[in-house]
Amino acid sequence: METLDYDFNLPDLVSKISNLNPKSIILQFPDGFKLFSIAIADYLKNYLKDVKIYISAESTWGGCDIAIEEAKMLGAELIVHFGHTPYSLAEYKSILEKVPVIYVPGKFKKELSKSSLISLLFELNKIGASKPALVSTIQHVDALKQIRDFLNERGISATIPKSPLMEEGQIVGCDYSPLINEKNYDSVVVVSGGYFHAFGAGLMTMKPTIKIDPYTDKVENVTENVKKILKKRYATMERSKSAEVWGIIIGTRTGQYRPITIRALESLIKNKGKKYYLFFSKSLTINELRNIDQPKIDAYVVTSCPRIPIDDISEKEFEKPVLTPGEAFMVLKGELERYRLL
Ligand code: SF4
């Protein structure tokens, strides 16, 4: 079957599903992979004739969002989650024991073009970087070795950092632990489609950050963009310092429910003699935030996806400070030096 440039290893998936012998299953795809959903369902049906297949129509952005409640409601005995790996920062792990989950990352099969590698070398030389750390989303981790070999042959000492819960060089939008654990690098190279992961890597390391796009071959130094974002985030944190009443917004997607983080925030706010209200929601848009907002609340902290306050809520649209948990910890503990997402 045609799944373009991604490797879903479907024969292996068929055998894993067969081993669990479910009567019905859920297929969950990020939006970018939804175009493959019918073809994959047809492929599976060929081999698993008696298995009922449900396809989730909802958006899913990470391994933090597994359709456990939906599987229980539909009576599905297995979830196949495409595009991501198990969420490395899960605090509420027991929910994942309720329905088995098979993760199918879908790695990109194409190599990076020679021209994009030459542009990358040019950008690294331009900023005087000699020890870049190479990272990417799970789809592109195989390209990291190609970059490392290319750069090493040209006298640039590139490394691929790793954290225990992810593949070598893998990052996710809220977990840059490979870059936090590794100390010996002077710049970051991120292989990814959009800017989301490159900006995140830049924010968390504060090092020169270059993005290489495997779909367009474009190579860009995003360091100045990251500095602008960081400046805005520090300005938002500054405005939240005087907040007396906080709204803590709890996420209810599987990995986005963070009971340990929530408890730590509650006790910090309480110990400072301030007040808080607890809200919860599965998703959080600017309209949902406006709907819950009350004059007596001075600032919000979003404990679901830490990228929501940075990427989705602009201060032009909502003027009260809205922080990530890490930012709220920085403000409440008075530890402003090292930027934190979580
Ligand atoms: S950045 Fe947000 S959507 Fe992505 S894995 Fe983290 S919590 Fe989930």
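Here is a short report on the structure shown in this document. None of these values were measured; they are calculated from a predicted model.

So, the overall build of the protein chain
Thought 1: Across its full length, the protein chain carries 12 helices and 14 strands.
Thought 2: In summary, the protein chain has a C-alpha radius of gyration of 21 Å against a globular reference of 20 Å for 342 residues, a match within 12%.
Thought 3: Seen through its C-alpha atoms, the protein chain measures out along the principal axes to roughly 60 × 55 × 30 Å.
Thought 4: Out of the 342 residues belonging to the protein chain, those deemed buried represent 54%.
Thought 5: In the protein chain, of all internal contacts separated by at least 6 residues, the share reaching a separation of at least 24 is 67%.
Thought 6: Roughly 16100 Å² of accessible area belongs to the protein chain as shown, and the carbon and sulfur atoms make up 53% of that amount.
Thought 7: Counting 46 positive and 42 negative side-chain charges, the protein chain places the averaged centre of each group 4 Å from the other.

Overview of the side chain of Thr223
Thought 1: Take Thr223: it is sitting in helix α8 (residues 223–240).
Thought 2: A polar side-chain atom of Thr223 sits 3.0 Å from the main-chain amide nitrogen of Thr209.
Thought 3: With sequence-adjacent residues up to four places away left out, Thr223 is seen in contact with Lys207, Pro208 and Thr209.

Points about the sheet that holds strand β7 (residues 132–136)
Thought 1: Pairing within the open sheet is mixed, and its 4 strands lie in the order β7-β8-β9-β10. Sheet topology places β7 and β10 (219–221) at the edges, where each strand pairs with a single neighbour. Strand after strand, the sheet turns through a mean of 20 degrees between neighbouring axes, direction not considered.
Thought 2: Of the strand pairs in this sheet, strand β8 (residues 187–191) and strand β9 (residues 209–212) are connected by 4 bridges, and their pairing is parallel.

Looking at the packing of aromatic side chains
Any two aromatic rings considered together are summarised by their centre-to-centre distance and by the angle between their planes.
Thought 1: Per the counting criterion, the structure on display carries 16 aromatic pairs.
Thought 2: Here Tyr43 and Tyr47 contribute two aromatic rings whose centre-to-centre distance is 5.1 Å and whose plane-to-plane angle is 40 degrees, an arrangement assigned as tilted. With Tyr43 and Tyr47 both in helix α2 (residues 37–47) and 4 residues apart, this pair spans about one turn of that helix.
Thought 3: Taking relative accessible area as the criterion, Tyr43 reaches 16% and is therefore assigned buried.
Thought 4: Exposure remark for Tyr47: the relative accessible area of 52% places this residue in the exposed category.
Thought 5: Three or more aromatic residues link up through ring pairs in this structure, and these residues are Tyr6, Phe8, Phe29, Phe33, Phe36, Phe82, Phe108 and Tyr215.
Thought 6: Above the face of the Phe150 ring, Arg154 is positioned so that its terminal group lies 3.8 Å from the ring centre.

Observations concerning the packing of α8 against helix α12 (residues 325–333)
Thought 1: Packing of α8 against α12 leaves a shortest axis separation of 10 Å and a crossing angle of 50 degrees. As judged from the angle between their axes, α8 and α12 are oblique. With respect to the hand of their crossing, α8 and α12 are arranged in right-handed fashion. Contacts between α8 and α12 involve Arg233, Tyr234, Met237 and Ser240 on the former and, on the latter, Glu327, Met330 and Val331.

What counts, and at which threshold
Residues numbered from 1 in each chain as written. Predicted model: local features only at pLDDT ≥ 70, side-chain atom pairs only at ≥ 80, totals over all residues. Heavy atoms only, no water. Helix = DSSP H or I, 4+ residues; strand = E, 2+ residues; numbered from the N terminus. Rg over C-alpha atoms; globule rule 2.2 N^0.38 Å. Buried < 20%, exposed > 50% of the residue type's maximum accessible area, 1.4 Å probe, protein only. Contact = heavy atoms within 4.5 Å. Areas by Shrake-Rupley, 256 points an atom, 1.4 Å probe, with all protein chains shown as cover. Lys, Arg positive; Asp, Glu negative; His and termini not counted. Charge placed at Lys NZ, Arg CZ, Asp CG, Glu CD. Polar contact = N/O pair within 3.5 Å; in protein donor to acceptor, adjacent residues only side chain to side chain. Pairing = 2+ DSSP bridges. Axes fitted to C-alpha atoms, helices over the stretch in contact; angles between N-to-C directions. Phe/Tyr/Trp six-rings, centres within 6.5 Å; stacked < 30°, edge-to-face > 60°. Lys NZ or Arg CZ within 6 Å of the ring centre and 35° of its normal. Parallel < 35°, antiparallel > 145°, perpendicular 65-115°, else oblique. Left-handed = near helix turned anticlockwise from the far one by under 90°.

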